[in-house]
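Summary of structural features
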Amino acid sequence: MTFGLTSTLLDACTLGVVSKEATYGYDLTQKVKASVEVSESTLYPVLRRLFKEGLLETYDEPFDGRNRRYYKITSKGEDLLGLYTEEWNNFKAKIDGLLKGGENSAAQ
């Protein structure tokens with residue numbers, strides 16, 4: 001991908017994936033990697049930070065003789081995801097306008 005992924009955008013992507021269903025770290029990494037370049041070593045600290053900030057909660061379930069940690073979005077996380085989604089849509093509309101020759105499609 002040509003464009004960089006900021007930490008805020010990575011937070012938004014992570015919250016977006018987890019908002020659909022609780023998921024474990026490796027699965028989340030694969031879902032995010034399907035759209036953007038990111039490594040597991042980048043995502044696990046993001047998950048820990050979002051958990052620490054109260055945006056995600058965790059629970060463990062047994063899998064193949066060991067525990068697998070699942071992440072689930074909290075209501076605080078859903079609120080922030082809504083804000084991120086709104087801001088992303090506004091930003092995307094402005095950039096789309098610029099890429100089309102300077103039209104401000106967000107103002108139309």
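A brief structural summary. (Residues numbered from 1 in each chain as written. Predicted model: local features only at pLDDT ≥ 70, side-chain atom pairs only at ≥ 80, totals over all residues. Heavy atoms only, no water.)

1. Thoughts on the layout of surface pockets
Reported here for the largest pocket is a volume of approximately 670 Å³. In terms of lining residues, the largest pocket is bounded by 21 residues, among which Gly 4, Leu 9, Trp 88, Phe 91 and Lys 92 are the most central. Looking at the lining of the largest pocket, the elements that each hand over two or more residues are helix 1 (7–20) and helix 4 (75–99). In terms of residues, the lining of the largest pocket owes the most to one element, helix 4, which gives 11 residues. Of the residues contributing to the lining of the largest pocket, the split by class is 13 nonpolar, 5 polar and 3 charged. (1 Å grid on protein atoms, 1.4 Å probe; cavity = no way out; pocket = protein on both sides within 12 Å on 5 of 7 lines; lining within 4 Å. Points joined across faces, edges and corners; volume = space filled by probe spheres on them. Helix = DSSP H or I, 4+ residues; strand = E, 2+ residues; numbered from the N terminus. Nonpolar A, V, L, I, M, F, W, Y, C, P; charged D, E, K, R; others polar.)

2. Side note on the sheet that holds strand 3 (residues 66–73)
If you walk across this open sheet you meet the 3 strands as 1-3-2, and the pairing is antiparallel. The outermost strands of the open sheet, each flanked by one partner alone, are strand 1 (23–24) and strand 2 (56–63). Alignment of strand 2 against strand 3, held across 8 bridges, turns out to be antiparallel. For Glu 57, the partnering residue across the bridge sits in strand 3 and is Lys 72. (Pairing = 2+ DSSP bridges.)

3. Describing a nonpolar patch on the surface
On the surface, Trp 88, Phe 91, Ile 95, Leu 98 and Leu 99 cluster together into a nonpolar patch covering about 550 Å² of accessible area. With respect to the element layout, Leu 98 can be found in helix 4. By relative accessible area, which is 56% here, Leu 98 ends up exposed. (Patch = residues over 30% accessible without salt bridge, like charges linked within 9 Å, V, L, I, M, F, W, Y side chains within 5 Å. Areas by Shrake-Rupley, 256 points an atom, 1.4 Å probe, with all protein chains shown as cover. Salt bridge = Lys/Arg side-chain N within 4 Å of Asp/Glu carboxyl O. Buried < 20%, exposed > 50% of the residue type's maximum accessible area, 1.4 Å probe, protein only.)

4. A few points about the pattern of salt bridges
Following the criterion strictly, the structure yields 7 salt bridges and no others. The residue Glu 21 makes a salt bridge to Lys 31 at a minimum N-O spacing of 3.2 Å. With Glu 21 in the loop between helix 1 and strand 1 and Lys 31 in helix 2 (residues 25–33), the pair connects residues that are 10 residues apart, well separated along the chain. The closest approach of N and O atoms between Arg 49 and Glu 53, which form a salt bridge, is 3.7 Å. A relative accessible area of 29% places Arg 49 in the partly exposed class. Using a relative accessible area of 36% as the deciding quantity, one classes Glu 53 as partly exposed.

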